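Listed below are the residues making up each chain.
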Amino acid sequence: MESPERTRASIEWEPNGQNNSAEVQELEHSRTCLRILGAAHCAASSGVFAGIGVVRRVPAKYHRPGSSRSSLLVTQPRTRRATRTLREVGYRSFTINGRMLGHGEPIRVKQGERVLFHVLNGSATEIRSLALPGHSFEVVALDGNPVPNPTPVPVLWIGTAERISAIVHMTHPGVWILGDLADDDRRHGMGIAVEYAGRTGKGQWIAPPPFKWNYARFAKPGATALSPDETFEMTFAKDNAAEEGFNRWTINGIAYPMTSEIVPAAFHLKTSKRYRLRMCNASDDIHPIHLHRHTFELTSLAGKPSGGILKDVVMVGGYQEVEIDFIADNPGLTLFHCHQQLHMDFGFMTLFDYV
Ligand SMILES: [Cu+2]
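Thresholds, definitions, all that
- Residues take numbers from 1 onward in each chain, read along the sequence in its written order.
- Given that the model is predicted, a residue must reach a pLDDT of at least 70 before its local features are reported, and side-chain atom pairs must reach 80 or more before they are shown or counted; all residues, however, enter totals for whole chains, interfaces and linings.
- Helix and strand definitions follow DSSP, with helices as H or I runs of at least four residues and strands as E runs of at least two, each counted in order from the N terminus.
- Put plainly, a residue is buried at 20 or more neighbouring C-beta atoms within 10 Å of its own, exposed at 12 or fewer, and partly exposed in between, counting only other residues' C-beta atoms, which are placed from the backbone.
- Remark: residues whose backbone-derived C-beta atoms lie within 7 Å of one another are considered to be in contact.
- DSSP bridges decide pairing: two strands pair if at least two such bridges lie between them.
- For every element, the axis is a line fit to its C-alpha atoms; helices are fit only across the contacting stretch, and the angle between N-to-C directions ranges from 0 to 180 degrees.
- By our criterion, buried Ala, Val, Leu, Ile, Met, Phe, Trp, Tyr and Cys residues that link up through C-beta atoms within 7 Å make up a nonpolar core.
- Those domain boundaries reflect an automatic or database domain assignment.
- The pLDDT value expresses, per residue, how confident the predictor is, ranging between 0 and 100.

## Section: the overall build of the chain
Scanning the chain from N- to C-terminus turns up two helices and 24 strands. Taking all 355 residues of the chain together, 49% fall into the buried category. Considering only residue pairs separated by 6 or more positions, the chain has 76% of its internal contacts joining residues 24 or more positions apart.

Next up, the structure:
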């Protein structure tokens, strides 16, 4: 199954409001992805993952000089907006912590504070972006795991069910909108006001400069992964509008059946071994891939080695190849799936077991 022809799409994405389309990615089509992987189903796609949270006290593990507060935000689209010939889910309104922008209380801050935001993308289907005019986010943790190289970025880019912890130094007094870069979605609620003490008025929005999201920014410089005991090849593919107008998704050519039948595990693990999943996305969609019951390390992003970033959801871009390593340290049936609900529900899921 090894092929030098696999895609090396760019690992950097530009959040621009085209949240689930290939347009958010910089693609290099010089190579072709030959294999196809399927998708799976994640139990965590319920309301638990809805919203953005603000933490007022920075936990010890994120402490740096001057860290003073933290903040948690949850983002969640509310209602369906439209269907098209190729059937998809859309939304009419959006919320952060249960409130549309313009409703509910602002996040109140003071000049000079460092506020830790825990951001959780609670959408079942959409990738979200987040910016706060005049401020940057120092990303300190991904999916709850501290990153080796905390780095300030102007925009957060968050796949379905991903979590980002980031510290914002409050140095730009005013009333600002912490919101999604997609103008239409922000106008329909995807934002929350951040209000400095002594300031009043309507929240202001200023679009951030162009920025490309890349997990590698937060990796350990120069780090390389240990060799795995075994590598599983996975190719993700799409059958356009194959299921009543919805796309059908496959992993290595197999769509997980959405029936009550018991499906045998497709991948077998031995306790304590280190496994690598080499995931090749043969579609133009971004897939937030999730492995249950284990934490994995990002070891290669679009062909570039990476080390030290631990996660449990990773966005695999269109025609991109990503490798993740994990230790088989939690015996039992383990689900693997795309966290985009419409992908998971139409085949994008598979099972691991322990032998
Ligand atoms: Cu997907």
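## Notes on the environment of V139
Along the polypeptide, V139 turns up in strand β7 (residues 137-142). The exposure class assigned to V139 is buried, which follows from the 21 C-beta atoms found within 10 Å. Sequence separation between V139 and A166 is 27 residues, and the spatial gap between their C-alpha atoms is 4.2 Å.

## Focus: the sheet that holds strand β4 (residues 107-109)
With mixed pairing, the three strands of this open sheet are ordered in space as β4-β12-β11. In the strand order of this sheet, the two ends are held by β4 and β11 (175-179), each with one partner. Between one strand axis and the next, the sheet turns by 25° as a mean value, whatever way the strands run. With three bridges joining them, β4 and strand β12 (residues 191-196) adopt parallel strand pairing. The residue bridging R108 from the neighbouring strand is E195, located in β12.

## Here we look at the nonpolar core
L156 and A166 are the most contacted members of the largest nonpolar core, which totals 82 residues. When residues of this core are sorted by domain, at least three fall in each of domain 1 (6-207) and domain 2 (230-354). Ignoring anything within four residues of it in the chain, the contact list for L156 reads V119, S129, L130, F137, I164 and A166.

## Notes on unusual backbone geometry
Of note, the phi angle at A241 is positive, near 50°, even though the residue is not glycine. Secondary-structure assignment places A241 in strand β13 (residues 230-243). Unlike most non-glycine residues, S272 shows phi in positive territory, near 80°. Accessibility expressed as a C-beta count within 10 Å gives 9 for S272, which makes it exposed.

## Description of the pairing of β13
As paired strands, β13 and strand β16 (residues 274-281) are joined by seven bridges and run parallel to one another. Paired with M234 across the bridge in β16 is M279. Counting the residues in the hairpin turn of β13 and strand β14 (residues 246-251) gives two residues, including E244, whose phi is positive at 50°.

## Focus on the sheet that holds strand β23 (residues 334-338)
In spatial order, the strands read β15-β24-β23-β17-β21; together these five strands make up an open sheet with mixed pairing. Looking along the sheet, the strands with just one partner apiece sit at the ends: β15 (267-269) and β21 (313-316). The sheet shows a mean angle of 20° between the axes of neighbouring strands, taken without regard to direction.

## Remarks on the environment of F326
The topology assignment puts F326 in strand β22 (residues 321-327). Beyond its immediate stretch of four places on either side in the chain, F326 contacts Y275, L291, H294, T295 and F296.

## A look at the pairing of β12
Alignment of β11 against β12, held across five bridges, turns out to be antiparallel. Each residue of the ladder has a partner; that of G179, found in β12, is G191.

## Focus on the environment of G253
You can see G253 is positioned in the loop between β14 and β15. Residue classification places G253 among the exposed residues on the basis of 11 C-beta atoms within 10 Å. A C-alpha to C-alpha distance of 7.3 Å links G253 and A237, two positions 16 residues apart in sequence.

## Thoughts on the confidence of the model for the chain
Per-residue confidence for the chain gives a mean pLDDT of 82; residues scoring 70 or more make up 76%. Across residues 61-71 the pLDDT falls below 50, and counting only partners more than four positions away or on other chains, this stretch makes 42 contacts in the model.

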